[in-house]
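Survey of secondary and tertiary structure
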Amino acid sequence: MVLTQCKRRGIHDARVLEVMSCVPRHLFISGKSRDLAYGDFPVPIGHDQTISQPYIVAYMTQALELRGSERILEVGTGSGYQTAMLAELASEVFTVEIVDSLLKQSKQLLSACGYKNIQFLNGDGKRGWPEHAPFDRVIVTAAASSIPFALKNQLADNSLMVIPVGDYREIQELQVLRKVGRDFLKEESIGCRFVPLVDNKA
Ligand code: SAH
């Protein structure tokens, strides 16, 4: 998975490749889908949600340019797999998930894995987590029709946000935004497909 799906497609950050090799992806997928854990595609995790394709997880994580000291806001905990990557590579992770049962499951798993630098919140991640802002990095793992204002507002100076933007029924744009002073500079983007960022608490 790491060599053929990530390295050969341009993932070059050695720390990202290392955690992709170490974090056991199959633990984050239960039932029949577990056999598909290392395939080159997203996999269902229940509640009509999916764990992102390995390459997309690697791409988003690399785009965050993590050095180890960052405080990160993650919107869309889902299976907790991306959360584990972030917890390995940064200082603190604040993760928000709208589906309570998914959050409980991920919290249990990530605690059992021994992660002590993750805080969990059940709620609408479009509001961010103001009590813990500002964040050095924001990562959103569901498609937004436009970038939520609260998330921009909770970014620290010289920070980065990675977010899929566009209609969830179509190909979306995975945007990387860098905040410099008061400006948001769009760095790069690739096409992607994510489940939608939902509006109301389920
Ligand atoms: N990073 C996750 C991807 C999960 S899919 C993984 O690798 O497993 C996207 C997740 O975003 C789903 O769990 C969904 O419930 C959650 N989500 C959707 N809208 C949300 C919102 N407004 N606030 C927080 N989480 C949301």
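In short, a report on the structure. (Residues numbered from 1 in each chain as written. Predicted model: local features only at pLDDT ≥ 70, side-chain atom pairs only at ≥ 80, totals over all residues. Heavy atoms only, no water.)

Things to note about the site of the ligand
- With respect to spatial proximity, 25 residues lie near the ligand, and among them Ser79, Glu97, Asp124, Gly125 and Val198 are the closest.
- With respect to the ligand, the backbone of Ile98 contributes an N or O atom lying 3.3 Å from a nitrogen atom.
- Val198 has a polar backbone atom sitting 2.9 Å from a nitrogen atom of the ligand.
- Within the complex, 99% of the 580 Å² of free accessible area of the ligand lies under protein. (Near = heavy atom within 4 Å. Polar contact = N/O pair within 3.5 Å; in protein donor to acceptor, adjacent residues only side chain to side chain. Areas by Shrake-Rupley, 256 points an atom, 1.4 Å probe, with all protein chains shown as cover.)

Thoughts on the environment of Ile147
- Within the secondary structure, Ile147 is located in the loop between strand S6 (135–140) and helix H6 (149–153).
- For Ile147 and Val165, which are 18 residues apart along the polypeptide, the C-alpha to C-alpha distance reads 7.0 Å.
- Each residue touching Ile147, except ones within four places of it in the same chain, is listed here: Lys152, Met161, Ile163, Val165, Gln175 and Leu177. (Helix = DSSP H or I, 4+ residues; strand = E, 2+ residues; numbered from the N terminus. Contact = heavy atoms within 4.5 Å.)

A short note on the pairing of strand S5 (residues 118–122)
- Note: strand S4 (residues 92–97) against S5, five bridges, orientation parallel. Within S5, the position partnered with Thr95 by the bridge is Phe120.
- As a crossover connection, the stretch from S4 through helix H5 (residues 100–112) into S5 is right-handed. (Pairing = 2+ DSSP bridges. Right-handed = clockwise from strand over helix to strand, strands pointing away.)

Describing helix H2 (residues 14–22)
- Of all the residues in H2, the buried ones are Val16, Leu17, Val19 and Met20. Across the axial projection of H2, the buried residues extend over an arc of 165°, all falling on one side. What points out from H2, more than 90 degrees from its buried face, is the exposed set Ala14 and Ser21.
- Those residues of H2 that are buried are in contact with helix H1 (2–6), helix H3 (54–63) and helix H4 (81–89).
- Of the residues flanking the start of H2, the one acting as N-cap is Asp13, its side-chain oxygen 2.9 Å from the backbone nitrogen of Arg15. (Buried < 20%, exposed > 50% of the residue type's maximum accessible area, 1.4 Å probe, protein only. Arc of directions from axis to C-beta.)

Let's talk about the pattern of salt bridges
- The tally for this structure, following the rule as stated, stands at 10 salt bridges.
- Residue Arg9 is joined to Asp40 by a salt bridge in which the shortest nitrogen-to-oxygen separation is 2.4 Å. Of the two residues, Arg9 is situated in the loop between H1 and H2 and Asp40 in the loop between H2 and strand S1 (43–46); the sequence distance between them amounts to 31 residues. (Salt bridge = Lys/Arg side-chain N within 4 Å of Asp/Glu carboxyl O.)

Let's talk about H4
- The buried fraction of H4 amounts to eight of the nine residues, a majority that puts the element mostly inside the structure.
- Taken together, the buried positions of H4 are occupied by Tyr81, Gln82, Thr83, Ala84, Met85, Leu86, Ala87 and Leu89.

With respect to the packing of H3 against H4
- One way to put it is that H3 packs onto H4 with a least axis distance of 11 Å and a crossing angle of 35°. Judged by the twist between their axes, the crossing of H3 over H4 is right-handed. Of the residues in H4, those in contact with Val57, Met60 and Thr61 of H3 are Tyr81, Gln82, Met85 and Leu89.
- Looking at the contact of H3 with H4, its residues break down into five nonpolar, two polar and no charged. (Axes fitted to C-alpha atoms, helices over the stretch in contact; angles between N-to-C directions. Left-handed = near helix turned anticlockwise from the far one by under 90°. Nonpolar A, V, L, I, M, F, W, Y, C, P; charged D, E, K, R; others polar.)

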